[in-house]
Amino acid sequence: MKHVTNRIQAYISGELDSDRMAAFEEHLNECPSCRKEADRAREIWEMLEAAETPSPATGSVWSAVQARTFGRGTSEREWFFGAGNMTRAGLATAAVAAGLMLGVLLPAGSGYRQEADSGLTDSSWLVESSWLSESSWLGGDGSTGLDDILLGADLLDEGNGS
Amino acid sequence: MPRTMDDDALMIRTAEGEEAAFRLLVQRWERDVLSFLIHMLGSVEEAEDLVQDTFVQVFRKAGSYQAVGMFKSWLFRIAGNLARSRLRRRKVLRWVRFDPVVHDTGGAGPGPHEDLEHSQREDAVRAALSRLPGRQREALALHRFQGMRYKEVAEAMNTTVPGVESLIQRAMAALREDLGGKGDQL
Ligand SMILES: [Zn+2]
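About the thresholds
- Residues numbered from 1 in each chain as written.
- Chains lettered and ligands numbered in written order.
- Predicted model: local features only at pLDDT ≥ 70, side-chain atom pairs only at ≥ 80, totals over all residues.
- Heavy atoms only, no water.
- Helix = DSSP H or I, 4+ residues; strand = E, 2+ residues; numbered from the N terminus.
- Buried < 20%, exposed > 50% of the residue type's maximum accessible area, 1.4 Å probe, protein only.
- Areas by Shrake-Rupley, 256 points an atom, 1.4 Å probe, with all protein chains shown as cover.
- Donors = N, O, S within 2.8 Å, 3.2 Å for Na, K, Ca; no water.
- Tetrahedral: all angles 85-135°; square planar, octahedral: opposite > 155°, others 65-115°.
- Phe/Tyr/Trp six-rings, centres within 6.5 Å; stacked < 30°, edge-to-face > 60°.
- Lys NZ or Arg CZ within 6 Å of the ring centre and 35° of its normal.
- pLDDT = per-residue confidence, 0-100.
- Contact = heavy atoms within 4.5 Å.
- Salt bridge = Lys/Arg side-chain N within 4 Å of Asp/Glu carboxyl O.
- Polar contact = N/O pair within 3.5 Å; in protein donor to acceptor, adjacent residues only side chain to side chain.
- Axes fitted to C-alpha atoms, helices over the stretch in contact; angles between N-to-C directions.
- Parallel < 35°, antiparallel > 145°, perpendicular 65-115°, else oblique.
- Left-handed = near helix turned anticlockwise from the far one by under 90°.
- Nonpolar A, V, L, I, M, F, W, Y, C, P; charged D, E, K, R; others polar.

**Considerations on the overall build of chain B**
The helix and strand inventory of chain B stands at 8 helices and 1 strand. Secondary structure elements of chain B, listed N to C terminal, follow the sequence α-α-α-α-β-α-α-α-α. The buried share among the 186 residues of chain B stands at 57%. For chain B, the computed accessible surface area is about 7500 Å², with 48% contributed by carbon and sulfur atoms.

Listed below in structure tokens is the structure:
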């Protein structure tokens, strides 16, 4: 009997075509081992519902976007290269400051560090930026091909003047 | 303007400089984009910042948009690129603890007692998500929370359907390891 564990996620995700779905379900009926795996996977899948973000308050997005696109007075260029960078610089400074503070409060080895897959060190608590290497994050070739056609090559450089 | 106008039609009008069409697009998608960016960045404030940037980019790129019915993928590719760019700029040290007050931003909600259990579960799941490698988190957020098919996720992430499947499988395996043993506490 060939197990179907490698198709469990596609099944839960609704990505199996009808033939494969029928074969999958048939196997599940006969195989307690795969059924147990599928149940556990389903449980995690449903647990994720807890992380659904609530409907955020809306209304302010349009007025801000309008000011930066159709708005008179403040041109988009001024926004990007003027006040916008001040905001971003402030955020970056605050982020670094917070990180440094936490570096003091939660030194490495305090139990919060975890090994993620792909050999990347990741943790929600204190992380060196090295885990975010270009190749792993951008899938090897970075943002090329369709990205350039659809979005323009300048997109990834947006706001990098800091 | 008819409210049922689809995204492609709105994009064509946006490219022609029609403000009302662009406004409809922003209002139609702002919540989804914000939700995705919160999952990616773990910070409501930064996410709100990038929602604006995303739509400004949509406007700037409207002229090069190809109206082939893949607006959502195109939109989330822009948002994803901006999120990655922002994450790359978190140099030296990075604080990506998913904000436990996210669920409080709506102000008045359920009382502290009935909300406590839910909020603990929510924090645990968010924290587990935040520990995923970036691309796994992105694929999972697009598929699980934005309801995008593997094909749409692949388009948004500039990869293949098997590539998306692999990312999601690995993400789920990691989450299972992370959350699986805590089922009773959650
Ligand atoms: Zn089996």
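Read on for the rest.
**Details of the coordination of the zinc ion**
Residues and elements named next belong to chain A. Distances from the zinc ion to its protein donors, namely His3 (ND1), His27 (NE2), Cys31 (SG) and Cys34 (SG), fall within the range 2.0 to 2.3 Å. Coordination at the zinc ion is tetrahedral: its 4 donor atoms span angles of 101 to 120° at the metal. In terms of primary sequence, the donors binding the zinc ion are separated according to H-x23-H-x3-C-x2-C. Given a relative accessible area of 7%, His27 falls into the buried group.

**What to know about the packing of aromatic side chains**
Enumeration over the complete set of coordinates arrives at 10 aromatic pairs over all chains. Geometrically, the ring pair formed by B:Tyr65 and B:Trp74 is edge-to-face, given 4.8 Å between the ring centres and 65° between the ring planes. Taking the relative accessible area as the measure of exposure, B:Trp74 reaches 3% and is therefore buried. Clustering of aromatic rings is evident, with ring pairs tying together A:Trp62, A:Phe70, B:Phe22 and B:Phe59. One cation-aromatic arrangement involves B:Arg144 over A:Trp45; the distance from NZ or CZ to the ring centre is 4.9 Å.

**A closer look at the confidence of the model for chain A**
Interpretation of the predicted coordinates at a detailed level should be avoided for regions scoring low in pLDDT. Residue and element names in this part refer to chain A. Averaged over chain A, the pLDDT score is 63; the fraction of residues at 70 or greater is 40%. Ranking the helices and strands of chain A by mean pLDDT puts helix 1 (residues 8-12) first, with 97, and strand 3 (residues 127-128) last, with 32. For the stretch residues 73-91, pLDDT sits under 50, and the model shows 28 contacts to residues farther than four places along the chain or on other chains. Low pLDDT, under 50, characterises residues 102-162; the stretch is placed with 129 contacts to residues that sit more than four places away or in other chains.

**Regarding the pattern of salt bridges**
Residue and element names in this part refer to chain B. Within this structure, the stated rule accounts for 10 salt bridges over all chains. With a closest N to O distance of 2.9 Å, Asp178 and Arg131 form a salt bridge. With a gap of 47 residues between them, Asp178 in helix 8 (residues 161-180) and Arg131 in the loop between helix 5 (112-130) and helix 6 (134-145) connect regions that are remote in the sequence. Just as Asp178 is buried, Arg131 falls in that class too. One salt-bridge network, in which partners are shared between bridges, spans Glu46, Asp49 and Arg86.

**Some thoughts on the environment of A:His27**
All names here are of chain A. With respect to the helices and strands, the residue His27 is situated in helix 2 (residues 18-30). Sequence spacing of His27 and His3 is 24 residues, and the spatial spacing of their C-alpha atoms is 7.6 Å. With near-sequence residues (within four places) excluded, His27 lies in contact with Met1, Lys2, His3, Val4 and Cys34. At a separation of 3.3 Å, a polar atom in the side chain of His27 contacts the main-chain carbonyl oxygen of Lys2.

**Description of the packing of helix 1 (residues 7-15) of chain B against helix 2 (residues 19-41) of chain B**
All names here are of chain B. The geometry of helix 1 relative to helix 2 is characterised by a closest axis approach of 8 Å and an angle of 135° between their N-to-C directions. On the basis of the axis angle, helix 1 is oblique to helix 2. Once helix 1 is placed against helix 2, the crossing between them reads as left-handed. Contacts between helix 1 and helix 2 involve Asp7, Leu10, Met11, Arg13 and Thr14 from the former and Ala21, Phe22, Leu24, Leu25, Arg28 and Trp29 from the latter. Among the residues making up the contact of helix 1 with helix 2, the classes are represented as 7 nonpolar, 1 polar and 3 charged.

**Overview of the packing of helix 3 (residues 44-61) of chain B against helix 4 (residues 71-88) of chain B**
Residue and element names in this part refer to chain B. Packing of helix 3 against helix 4 brings their axes to within 9 Å, and their N-to-C directions diverge by 130°. By the criterion of interaxial angle, the relationship of helix 3 to helix 4 is oblique. Here helix 3 runs over helix 4; the crossing is right-handed. Facing helix 3, whose interface residues are Glu46, Asp49, Leu50, Asp53, Thr54, Phe55, Gln57, Val58 and Lys61, helix 4 presents Trp74, Leu75, Ile78, Ala79, Leu82, Ala83 and Arg86. Of the residues belonging to the contact of helix 3 with helix 4, the class tally is 9 nonpolar, 2 polar and 5 charged.

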